[in-house]
Amino acid sequence: MIAYILKRFYLMILVMLIVSIAVFSIMHIIPGDPAEIIAKELHGAEVSAETIELVRHNLGLGKAFHIQYLNWLGGVFQGDLGFSFRTGQPVYNEIFSRLPATLQLAIASILVSLIISIPLGIFSALKKNTIIDHISMFAALTGISIPNFWLGLLLILFFSVNLGIFPVYGYGSLAHIVLPSITLGTGLAAVTTRMLRSNMLEELGKDYIRTAQGKGLGITGIARHASKNALIPVVTVIGLQLGALIEGSVVVEVVFAWPGIGRLLVDSIFARDFPVIQGCILIIAAGYVIINLLVDISYAYLNPRIHYGGSHE
Amino acid sequence: MHRKFAAAAIIALFLAMLMAGCAGVQEEALELPPEAVEEDLSAVQEKEDAQEEGIQEVIAGLGRDPGVQYGYGAHPPLTRVLETLVSRDTELNYKPGLAESWEVTDDGLTWTLMLQEGVTFHNGAEFDAEAVEHNLIRVSESSPGLFGEIDSIQVLGPCTIAINHSKPFAPFLYALAWPGAAMIAPEAIDDEGNVTEPIGTGPYVRTEWVTGETMVLEKNENYWGTTPVLQKIVLKNIPDATTRMLALEAEEIDLIIDTGGILPEHVAMIENKPHINLLTIDGAVPHYMTLNTTKEPLNDVRVRQAIMYAIDPESIIDYALEGYGKVMTSVTPHSEADWLHPDNLYTFNNQEEALQLLQQAGWSDTNEDGYLDKDGQRFTITFLLSTALVGRWPYMTIAEIIQQQLSQLGIIVEIKIVEGGLWSTSLREGEADLSIRPWAGISPQTRLQAWLHSEGEQNLAMGIGLNNQEIDRLIDQALATTDESAAKELLYEVQEIAAQEVSIIPIYDEVLINAVNHKVEGYQLHPWFHVNWEDISVSH
C-alpha cells in the first residue's frame, strides 16, 4: 500500500511538471503582445512605445522562453508565484485569499448533490420503471441540461427578489452560500443520481441479493445491502466531478459575485495577467491530482477486494 | 460497512484540512493586502441598521473593479478619492478643480495655474505647487505628449505654478481634466513613477480595497470643498449585468453607476418599479467602426464610401441599443458640440449610391451567385471584435446588423471574436478589415489627431492606416494655434475630409444608463460617468 502511494506520488510530481510546462507555454504561444496589454492596463489606453518597452523590460518579458520558465519554476518551488500584473499583489496571496471561498462553494455543492442524489438514486432503482423512477430520471436529465447561469438567475429572481429569503449576491454568511451551492449542486446531483441508479440495479441483480431475498429479507434490508456496494463508485464520481465543479464555479462565481478563484481566473484571462493565470491553473491541477490520489486510496480502503500492482503490501 | 463510513470520514477530514489549511494561509496573508472575505457578510444588514439610525451610507454596484484602471487603486471620477486640477461640469464646461483659476500668455506658450489654498492630502501633507510639479512630471513620463511639448515647469509660489511649452498646445486644459492626470501625494509615488497608494485630496478616502471585489470609501472630514453627506460608500464589483439589476431590485445595492452599468436590454426590467429611479444622459462616449485603408478591398475610397452608404445606424440604435444611442454626424461627437461641424457630414442608408460606387470600383456580381466579385475574387472582409468589449456593449448584435446590411450589397462579412490582447495585436498588424471600439478621448483636437492623423495613436493602433497629407497639415496647424475659432475652422475642414475618406465610421454616441433606489438623492449623471458623491444623500 505504501509503495503504491509512493509510486502515485512520484507520478503526481511528473504530471505536475508537465502541467507547468504546458501552462507556461500556452500563454507564450498564443499571439498578442503581453507587454502592450499590461502597459495599457497600468497606464490607460494612451501608452507610448517607450512605456511598452519599459514594461517588457521590467517584467522580464523580453527574455528567452526557457529562461522565463526556469525563473518562474524556481520561484514556484519557493512558494513564490510572482506578482499579479494587474494589481501588483503577490499571486500567492491573490489565489489563497480566494481559495477558501471556492472550496466552501465546492463542498457545499457536493453536499447538496449528495442530499439529492443518494435517496433519489436508490429509490428510483428500487422502483425501477415506475412513475417515480421516470420522474426522477427526467429531473436528472433536466438537471444536466439546465445551464448554470440561467438556473442561478432564476433562483435569485424567485428566492431573493420575490421572496426575499436569500441575498442576491456576495459572500460571507451561510445564507449567501445557499443559492450558489444549489445552482452547482443540482447539475452534479443529476450525474450522481443516474450513476447510483444503474449501480443499484446491477447490485440488485447479483446473487447475494437474490439469496437475501430468498431468505425473506424485506425491501429496506435489501436496499441497505445493495447500496453499500453501489455507493463505492460514487466516491470516484465525486472526485472526478471536481473538474465539473471548477468549470461550473467559473460561471456561478460570476453570476453570484462570489469571490473565488473561478472569477479570479476569468478576470485574469481577460486582463492577460499571466502570473495569476499560471498560478490558478497550477493550483487547480494540483487539487485535481491530489483529490484523485485520495479517491484511489480511499477506494482501496472501501473495497478490500481491489489490489494495486505488486502482490505484497 | 464501518470501513466505508470510516473512508467517507477520512475524505471529509482531508477536505476539511484542506480548507483549514487554506484558511490558515489566508490569515497570514491578511496582514499584507486588505483581504477578501468576511467583508460583506453583513454589509447589507449593517447598512440597513445604519440607515435606520440616520447614518448616511450607500452600497453601489458596477461591472468592474474601480481600482484597476490608471493603476491608481482608485478610479478618480468613480471614487472621488483623487482629484484633477481642472474639472468638467455635466455640460462638459471647465470648472475649477484643484486649480482655482488659470491664465495663458498671448503666445500660448506659458500657462499659469493658481491653486486652491489650504488643501491637504489625505495623509496630512500640504497640496502645493511642488506636488503639482511632481505629478505633471509623473504623468507626462507615462503618457508622453499628453500635455504637449513641455519645456519647463516653474514653481512661482506655494500656490502658483507656470508651465512653459516649447510650442503652443491648445488642448492643455482638457489634458489637465483627464482622470489620468489626477493629483496624488508625492509620498505615494515611487521612484519609477508608480502610484503605491491612492492618497489624494478628494472628499472620500479609500479605507479598504479587495481587488476584484469591494472598495470602501469613507468621508474625508477635512475636505476643502463642500462637506460630503455620505459617511461611507461601498463599491461592489458585480460582474454579471443581470445580477446587478436584481441586486438593485432587491434593494441590496442603492445605485448602479458607471458606463455599461446597465445594459439597454435590461431597462425594461426596472422601468416600472416604483422604488427605482432610472437616470440617463447623453454620454461623451462615441463608438467608431474602423476600416483598414491599407489593403484590398477597403484601400479603395469608393468602396469605403459604399460601406458608409450601406450602413444604417438608426436601425442599429433601435435594435441593438433599444434606442439608447444617438446617430452621429461627424467623427466629433455631440458632447463636443462647440467643435462639431454644423452639417450632416456622413450620409447613411443609401443602397443605390453604394452599388454605383462599388460598380465604379470594379465590383459586380459576374457569376450571379449573389455575391460581388472582381478578378475572380469574392468580396469578403473580416469584422474583428474583442471579447473584453463585447461584454460591456452589444457589439456582437451591432456587427451582425452590419453584416446583414452589407450582405444586401453582395458583400460577405465574417465576424470573428478574439480575446482582447490578440484583438489589439491583429488590428495593429492590419490583419482585419473592420472593427469597432468606444473612445471617450481627452480633447476635441486630440481626438481628431488620434484617429485621423497619419501618426495618430488610434489610426495606427486600430490598423486604419489613413495617410492624408491635407488632414495632417490641418491638424498640426490646429493643435499649434492659440486662436480657438481658427482652430475650429481648421478642424471643421478636417471633419469634412474625414467624411470623404471614410477611414472610420461613427456608429453611435452612447446614452449612459444608471439607476438608483428612490431613497438616494442628489445623484447627477455625468456624460463622463463621474459620480458627484459629495452631493448625494439618503432619505429615510
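Just so you know, these numbers come straight off a predicted model, no measurement behind them.

Basis of the calculations
- Residues numbered from 1 in each chain as written.
- Chains lettered and ligands numbered in written order.
- Predicted model: local features only at pLDDT ≥ 70, side-chain atom pairs only at ≥ 80, totals over all residues.
- Heavy atoms only, no water.
- Helix = DSSP H or I, 4+ residues; strand = E, 2+ residues; numbered from the N terminus.
- Buried < 20%, exposed > 50% of the residue type's maximum accessible area, 1.4 Å probe, protein only.
- Contact = heavy atoms within 4.5 Å.
- Areas by Shrake-Rupley, 256 points an atom, 1.4 Å probe, with all protein chains shown as cover.
- Core = buried A, V, L, I, M, F, W, Y, C linked by side-chain atoms within 4.5 Å.
- Domains from an automatic or database assignment.
- Patch = residues over 30% accessible without salt bridge, like charges linked within 9 Å, V, L, I, M, F, W, Y side chains within 5 Å.
- Salt bridge = Lys/Arg side-chain N within 4 Å of Asp/Glu carboxyl O.
- Lys, Arg positive; Asp, Glu negative; His and termini not counted.
- Charge placed at Lys NZ, Arg CZ, Asp CG, Glu CD.
- Phe/Tyr/Trp six-rings, centres within 6.5 Å; stacked < 30°, edge-to-face > 60°.
- Lys NZ or Arg CZ within 6 Å of the ring centre and 35° of its normal.
- Axes fitted to C-alpha atoms, helices over the stretch in contact; angles between N-to-C directions.
- Parallel < 35°, antiparallel > 145°, perpendicular 65-115°, else oblique.
- Left-handed = near helix turned anticlockwise from the far one by under 90°.
- pLDDT = per-residue confidence, 0-100.

1. Concerning the overall build of chain B
Part 1: Counting its regular elements, chain B contains 17 helices and 21 strands.
Part 2: Looking at chain B as a whole, 59% of its 540 residues qualify as buried.
Part 3: Sequence-distant contacts, at least 24 apart, represent 68% of the contacts inside chain B between residues at least 6 apart.
Part 4: As displayed, chain B has an accessible area near 21,200 Å², and 46% of this comes from carbon and sulfur atoms.

2. Thoughts on the nonpolar core
Part 1: Core analysis: the largest hydrophobic core is formed by 145 residues, its most contacted members being B:Leu85, B:Leu255, B:Met289, B:Leu452, B:Ile505 and B:Trp533.
Part 2: In terms of residue count, the dominant contributor to this core is helix α17 (residues 484–501) of chain B (seven residues).
Part 3: With 40 residues, the next largest nonpolar core counts A:Ala106, A:Val161, A:Ala257 and B:Ala247 among its residues.

3. Focus: the domain arrangement of chain A
Part 1: By domain assignment, chain A separates into domain 1 (2–77) and domain 2 (100–272).
Part 2: Between domain 1 of chain A and domain 2 of chain A, the C-alpha centre-to-centre distance is 36 Å.

4. Brief notes about a negative patch on the surface
Part 1: Among the surface-exposed residues, B:Asp343, B:Glu489, B:Glu493 and B:Glu496 lie close enough to one another that they form a single negatively charged patch.
Part 2: By the element assignment, B:Asp343 lies in the loop between β13 (325–326) and α10 (351–360).

5. Quick notes on the packing of aromatic side chains
Part 1: Applying the stated rule across the entire model yields 20 aromatic pairs over all chains.
Part 2: Taking the centre distance of 5.8 Å and the plane angle of 75 degrees together, the rings of B:Phe121 and B:Phe127 count as edge-to-face. For the pair shown, B:Phe121 and B:Phe127 are each scored as buried.
Part 3: Taken together, a centroid distance of 4.8 Å and an interplanar angle of 55 degrees make the contact between B:Tyr288 and B:Trp451 tilted. One end of the pair, B:Tyr288, is in strand β12 (residues 276–291); the other, B:Trp451, is in helix α14 (residues 444–452), and 163 residues separate them in sequence.
Part 4: Owing to a relative accessible area of 0%, B:Tyr288 belongs among the buried residues under this scheme.
Part 5: Note on B:Trp451: relative accessible area 0%, which makes it buried.
Part 6: Pairwise contacts between aromatic rings join A:Phe24, A:Phe65, A:Tyr69 and A:Trp72 into one cluster.
Part 7: If you follow B:Lys488 out to its NZ or CZ, it ends over the ring of B:Trp339, 5.4 Å from the centre.

6. Things to note about the packing of helix α9 (residues 313–320) of chain B against helix α12 (residues 395–407) of chain B
Residues and elements named next belong to chain B.
Part 1: Closest axis-to-axis distance for the α9/α12 pair is 10 Å, and the angle between their directions is 140 degrees. The pairing of α9 with α12 is recorded here as oblique in orientation. As for the relative orientation of α9 and α12, their crossing is right-handed in sense. Touching Ser-315, Ile-316, Tyr-319 and Ala-320 of α9 are Thr-397, Ile-398, Ile-401, Ile-402 and Gln-405, all from α12.

7. Some remarks on the confidence of the model for chain B
Segments scoring low in pLDDT should not have their predicted coordinates read at a detailed level.
Residues and elements named next belong to chain B.
Part 1: When pLDDT is averaged across chain B, the result is 86; 90% of the residues are at 70 or more.
Part 2: Taken as a whole, residues 1–7 scores under 50 in pLDDT and shows twelve contacts with residues more than four places along the chain or in a different chain.
Part 3: Confidence drops under pLDDT 50 across residues 13–41; counting only partners more than four residues distant or on other chains, this segment forms 44 contacts.
Part 4: Note on the complex model: pTM 0.79, ipTM 0.75.

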